[in-house]
Structures are given as structure tokens and as C-alpha cells.
Amino acid sequence: MRMRKSSIVALSMATALTLTACSGNDSPETDPSASGSGGTDATGASGAPLTIAKPDGAITTESNNPWIGDSSALKLGYVNAIYEPLAIVNLVDPSAEVEPWLADTIEWSDDYTQLTLTAKDGVTWNDGEPFTVEDIAFTFQLFIDYPELDGAAIGLDSVAVDGDAVTLNFQAPMFVKQDKVLHKLIVPQHIWEGVADPVAEVNLEPVGTGPYTLTQFTSQSVQLDEREDYWGGDVAVPTLFYVSYNDNTALTTALANGDADWAQAFIPNVQSAYLDKDENNVYWAPAGLGIDTMFVNTTTAPFDDVAFRQAVNMVLDRTQHQAIAREGGVPELTSVTGLPTPAGDAFINDEYQGMNYTVDVEGAKAVLEGAGYAWDGDALVSPDGEAVTFTIQVPQGWNDYVTGISLIADEVAALGVEATVQTPDVDTWWADRSNGDFQAVLNWTDTGATPYDIYSNIMDGRWLLPIGEAANYNFGRYDNPAATEALNAYATATDDASRATALEEVQRIFVEDVPAMPIGTRPFISEFNTRNYVGWPSDEDPYVNADPTQPTTVKILTSLTPAS
């Protein structure tokens, strides 16, 4: 029976850690998870709970909607222990075979515009009802009827059930979005067909096929308990607690002292602050095709001017960002294409091979002068005679991002630009970013098996919405039909040569027009420990990334075993 607590309990604050340079060694000399045995000194307790943590502040409003990005279930990640995807796509190792999960068989057409699925037998919802192919069909029909639920914009055209199979027909090839389709979380038709507005539904009693059920929600923590009738068999961890700390510093302290077990969060000075505290602590950050980038509002001054965007891009110091804001814990972003290396090496156009970001203040000033800018003393003045300023914001408590935008403010000062740093609460920032009510924000891109997500998230017209309407990406409202056309050509190409030609155009526009400013790489950062459970992914067995907010989390939860 679901329990509810009305009392609101404040989360404790940890003392601040001093920001220092990273030692450069981001993993222990002996990785206790590498062998899958938890190391020789593992003394785990079978039946211990796992505490999974975020640094987003107290979650005061409950919503278990599995698709709306600001729901508590998605923000904390516990949605991925309740609902399950059709399949597991390994974005750490793109060469790995797709693993069917709720789907039993997966068949793409040659041009990737059609997907035929069958449902796995023996699966039940946590209310005891059987899972069927009709549930898959119903879920995907929701994305047609309510496009707001389709955060990945998969562009589904129709859904048809024929016997024990369902066929999904798409408006365009899904070659670059196979993971986005297969990672959709599936909901039960017998519950959701009675929901009047799936977009607004808070879903307080979530019914899923996953190994856990929601048993308690407070602003301090969310509790999930294992299902005794889970179709996939028994899981090792009986209880999951999802906790949101006030900031990264408090989360780091919790991870270091064992109050939290698993997180996807930036840790300053990760070696001394976390890894050295316990030989069972693990920091794992496998590479992927995702980046941190400064989204800028291209509809208003000063970022509506390509010359200003180019100039700002030329003074940003990615080396400083990697060394100071990210504490050396991630690789530096070097290629002018914005693609991380070495993961993106194979996708970099010949003309940009070896072309790396460098700080060029004088070159940036020359660009501005050529576009009609001038200086009044040290202050940059626009061609309209106005002093050039802008505001850049990220949520309070996101220490690496706060440091990152502070560095950016210092760097643009070399051009005579005054950049004001703001750190609103996460809900305000989320709304402002989505609605386009900002000048600059530091944010991330999705990660996929190709560069498509990076470029599409930043400049694809498919995401374009008027200011004031909540966008899922292209927050800067970059409007360039040529970029949209090239991205579409890449996504819909049926051969490698056509894809390469389209990607050349995409990269040329990105480099020359600077719709956003890439800042740093964004690997799949995760922290966990092997005190009580082993079987985590590792460099030796990278079966999925270990970010607990991803739909592949269920693969980890069903792979863990007691350490002893």
C-alpha cells in the first residue's frame, strides 16, 4: 500500500569544499568494480538499500509523468526503476548489439522508416495485469496524439497492430534515433486510456513493468521497494532511496561518507574528495558524443549578431574550463567542430581535421571592428551605440556550471563586455531556458551514436518554437533553414556517402555561424560504490553507462549482486 507523508523535511547542507586543481588521476589505482567482484576487501551487506542522489534541491512537488521533463520522477531518475524501455542500446559501446527488453523481437526496415516489434511473453504490470503488444501500440499512439510527450521528436506517423506484432511508421528514417525510439518508456493502456490529459497527468500511483514500485514520497526522499512478482526475477537490492541534496558540495560529502551510494554529478577534486575516502568508491566517466555548450538567445541583442557570436567563441578558454570548472575530471573539448575526441574523430570533416579551439582576443576584436563595433574606454559599444552586456545563468548549487559561467564572464571581459552571472533556483532556470527567456545559459546536449544529437539539439528547426513556448532543445531559437535541411539530409540518408556530404554542410554552418558556443565534453559521469553490491559496468565490461537517470538504469539494477 502506498504511504504518503505530508511533512516536509529540509535536506541537510554539507560544509563547502575548497575548489582546487584536480590531481589528474580520476580513478583509483585499483578499480574495485573492474573485475565485477567488488575487490578483495568487499564486505557488502546483502539486503542493504541503495541511495541514489541528485544535487537539485528539495523536490516539493510530486509528478510521476514518465515523459514530461520537469516531473520529479524524471528529475530524480526513479522513473527508470518503475517503467521500462523496449530495448537496451549501449551508448558507451555503439558496436554492442541491441538487447531486447520489453520487446521480444525488433525489426527495422532497410530505410529505418518502419519498426516492427513483438512483446515479451510473461511480463506483468505491477498491478498484476499482463503486458501486451497493445500497451506498446497505445504508448506510441500517445506520441502522435500528444506531440508534447515526444521529447525526442521521433516524428511518428502511424501505429498498427497485426496479431502479436505492432508496426511503427515514421515520417523520416530513424537511423540516428534508434536509441531514442527503443528507449521510450512504455505505459499500461488499461491505466492511461482513462487519463483525460496525459501531458498534465501527475500519475501519483504509477503502474509499470519495472522491478520496483513507488512506496513513499516526501521532499526529503523518495522510496521504491522491489516487486515480489517482477517478471525478470528477483533483484539484489530490496529498497531504493532517491534523495536530492542542495548542491554538488553536499552531494559530494554524502557520497564520500557513504550517505549516498550512486549519482551522476560533478565532483570537484574527485580523487581526494571521493575516491581516496574509500577503496570501494568508483568514479566512471566513459566517453560519448555529448557536450556542454553555452546556448545563446539568437533572437535578441547581442547574440542576434553572428559577428558577436564569433568573437565570443574566439575568447572562450576550453582548457581553463576543463582544468578549473571541471577539475580535470573530463577530457578537454578541442575540435572547432564541437565534437569530443576521440569519440567524434571519425565524424570530423577533412577541412576541420586538426583545427582546434584557441584563445584569440586580438582576432576577436578584429572581427568586432569589421562588424562596426567600437570601444568607449574599455567598454565595447555596438554599431547602434549601446554598451554591450549580457546575462548568463545556471542553477544555484551546480558548482561546476557556476564556475564555468564565472570563467566565461571573465573571458568576455577581455572584449570589453560586461557579463552578469545569475544563479536562480533550478525550477526558474529550467522554465527560463525552455521558454527562451534568457540571453545565455550553460546547458548540455543529448548523446547518441552519431553527432546528430549535438548539432540537432543546438540548431535544428524541428525544435524551433516562439519565445514563451517551452522548447525541448534549440533553446536559443536559432532559425536557419539550411541547417535544418542539412540535418534532415543526414538523418534521412540511405548510404554513407550521402551522410558524409550532409554532415559536411552541418559542420560548416556550425563552425561559421556559431549558433552556440561549445564549452566542454560531457562524458557519462557516474559515481557508485561496491561496498554492498557488485556487477556495475566498468571499462572492462561497459554494458551500459552508469548514469542512474537514464532509461538503461534497469539493466544495472537487474545486474547487481551482493558483494559478499
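Each remark here, short or long, concerns the structure printed above.
In what follows, the accompanying structure is described. It should be emphasised that the depicted structure is a prediction, and the values quoted were computed from it without experimental measurement.

Some details on the overall build of the protein chain
Okay, so step 1: Each helix and strand in the protein chain was counted, giving 16 helices and 23 strands.
Okay, so step 2: Taken across its 564 residues, the protein chain has 57% of its residues classed as buried.
Okay, so step 3: Of all intrachain contacts in the protein chain linking residues separated by at least 6 positions in sequence, the fraction that spans at least 24 positions is 72%.
Okay, so step 4: Surface exposure of the protein chain reaches about 21,400 Å², of which carbon and sulfur atoms provide 48%.
Okay, so step 5: In the protein chain, 23 side chains carry a positive charge and 83 a negative one; their mean positions are 3 Å apart.

Observations concerning empty space enclosed by the protein
It is a probe the size of a water molecule, rolled over the atoms, that shows where empty space is left.
Okay, so step 1: One pass over the full model with this rule turns up 4 cavities of 30 Å³ or more.
Okay, so step 2: Here the largest cavity is characterised by a volume of approximately 40 Å³.
Okay, so step 3: Lining the largest cavity, in full, are Leu316, Asp317, Arg318, His321, Gly404, Leu407, Ile408, Glu411 and Ile519.
Okay, so step 4: Those elements that provide at least two residues to the lining of the largest cavity are α9 (318–325) and α11 (399–412).
Okay, so step 5: Top contributing element to the lining of the largest cavity by residue count: α11, with 4 residues.
Okay, so step 6: Classifying every residue of the lining of the largest cavity by side-chain character gives 4 nonpolar, 2 polar and 3 charged.

Here's the deal with unusual backbone geometry
Okay, so step 1: Of note, the amide linkage connecting Ala301 to Pro302 takes the cis form, showing an omega dihedral of 5°.
Okay, so step 2: One non-glycine residue, Asn474, lies in positive phi territory at about 50°.
Okay, so step 3: Mapped onto the elements, Asn474 comes out in the loop between α13 (452–459) and α14 (481–492).
Okay, so step 4: Overall, the relative accessible area of 0% leaves Asn474 in the buried class.

Things to note about the pairing of strand β11 (residues 239–244)
Okay, so step 1: With 5 of 6 residues buried, β11 lies mostly within the body of the structure.
Okay, so step 2: Relative to β11, strand β2 (residues 50–54) is paired through 5 bridges, and the arrangement is parallel. By the bridge assignment, Thr51 is partnered in β11 with Phe241.
Okay, so step 3: With 5 bridges joining them, strand β10 (residues 221–226) and β11 adopt antiparallel strand pairing. Paired with Val222 across the two strands is Tyr242, which belongs to β11.

Digging into the sheet that holds strand β7 (residues 156–162)
Okay, so step 1: In space, the 4 strands of this open sheet follow the order β5-β6-β8-β7, with antiparallel pairing throughout. Among the strands making up the open sheet, the edge pair consists of β5 (103–108) and β7. Strand after strand, the sheet turns through a mean of 20° between neighbouring axes, direction not considered.
Okay, so step 2: Examined bridge by bridge, β5 and strand β6 (residues 114–119) share 5 bridges and lie antiparallel to one another. Of the residues in β6, the one forming a bridge with Ala103 is Ala119.

Thoughts on the nonpolar core
Okay, so step 1: Counting 77 residues, the largest nonpolar core has Tyr78, Phe140, Leu224 and Leu240 as the members making the most contacts within it.
Okay, so step 2: When residues in this core are grouped by element, the largest group, 7 residues, is from helix α3 (residues 133–145).
Okay, so step 3: Residues contacting Phe140, with those up to four places away along its chain left out, are Leu86, Ile154, Leu156, Val159, Leu168, Val181, Lys184 and Ile186.
Okay, so step 4: Among the nonpolar cores identified, the runner-up in size contains 65 residues, and Ile348, Val394, Leu442 and Val514 belong to it.

Observations concerning the pairing of strand β18 (residues 418–422)
Okay, so step 1: For strand β17 (residues 389–393) and β18, the ladder comprises 5 bridges, and the chain directions are parallel. When the sheet's bridge partners are listed, Thr391 is paired in β18 with Thr420.
Okay, so step 2: As a crossover connection, the stretch from β17 through α11 into β18 is right-handed.

Thoughts on the side chain of Ser434
Okay, so step 1: Structurally, Ser434 is set in helix α12 (residues 426–435).
Okay, so step 2: Among all residues touching Ser434, those that are not within four sequence positions of it are Glu469, Ala470, Ala471, Phe475 and Arg477.

Structural notes on the sheet that holds β18
Okay, so step 1: The 5 strands are arranged β18-β17-β19-β14-β20 in an open sheet whose pairing can be described as mixed. Two strands bound the open sheet, and with one partner strand each, they are β18 and β20 (516–521). Each strand of the sheet is rotated relative to its neighbour by a mean of 25°, with strand direction disregarded.
Okay, so step 2: Bridging between β17 and strand β19 (residues 440–444) involves 2 bridges; their strand directions are parallel. Directly across from Gln393, in β19, lies its bridge partner Val441.
Okay, so step 3: The strands touched by α11 are β14 (291–296), β17, β18, β19 and β20; relative to β18, the strand with the most contacts, the crossing angle is about 170°.

With respect to the packing of helix α8 (residues 306–315) against helix α10 (residues 361–370)
Okay, so step 1: Following both chains from N to C, one finds α8 and α10 inclined at 175°, their axes separated by 8 Å at the closest point. By the angle between their axes, α8 is roughly antiparallel relative to α10. Here Ala307, Phe308, Gln310, Ala311, Met314 and Val315 of α8 come into contact with α10, specifically with Val361, Gly363, Ala364, Val367 and Leu368.
Okay, so step 2: Here the contact of α8 with α10 is built from residues that sort into 9 nonpolar, 2 polar and no charged.

Focus on α13
Okay, so step 1: With respect to burial, α13 is a largely interior element, 8 of its 8 residues being buried.
Okay, so step 2: Those residues of α13 lying buried are Tyr452, Asp453, Ile454, Tyr455, Ser456, Asn457, Ile458 and Met459.

Thresholds, definitions, all that
- Residues numbered from 1 in each chain as written.
- Predicted model: local features only at pLDDT ≥ 70, side-chain atom pairs only at ≥ 80, totals over all residues.
- Heavy atoms only, no water.
- Helix = DSSP H or I, 4+ residues; strand = E, 2+ residues; numbered from the N terminus.
- Buried < 20%, exposed > 50% of the residue type's maximum accessible area, 1.4 Å probe, protein only.
- Contact = heavy atoms within 4.5 Å.
- Areas by Shrake-Rupley, 256 points an atom, 1.4 Å probe, with all protein chains shown as cover.
- Lys, Arg positive; Asp, Glu negative; His and termini not counted.
- Charge placed at Lys NZ, Arg CZ, Asp CG, Glu CD.
- 1 Å grid on protein atoms, 1.4 Å probe; cavity = no way out; pocket = protein on both sides within 12 Å on 5 of 7 lines; lining within 4 Å.
- Points joined across faces, edges and corners; volume = space filled by probe spheres on them.
- Nonpolar A, V, L, I, M, F, W, Y, C, P; charged D, E, K, R; others polar.
- Pairing = 2+ DSSP bridges.
- Axes fitted to C-alpha atoms, helices over the stretch in contact; angles between N-to-C directions.
- Core = buried A, V, L, I, M, F, W, Y, C linked by side-chain atoms within 4.5 Å.
- Right-handed = clockwise from strand over helix to strand, strands pointing away.
- Parallel < 35°, antiparallel > 145°, perpendicular 65-115°, else oblique.

Note that all results are geometric; they support no functional claim without further evidence.
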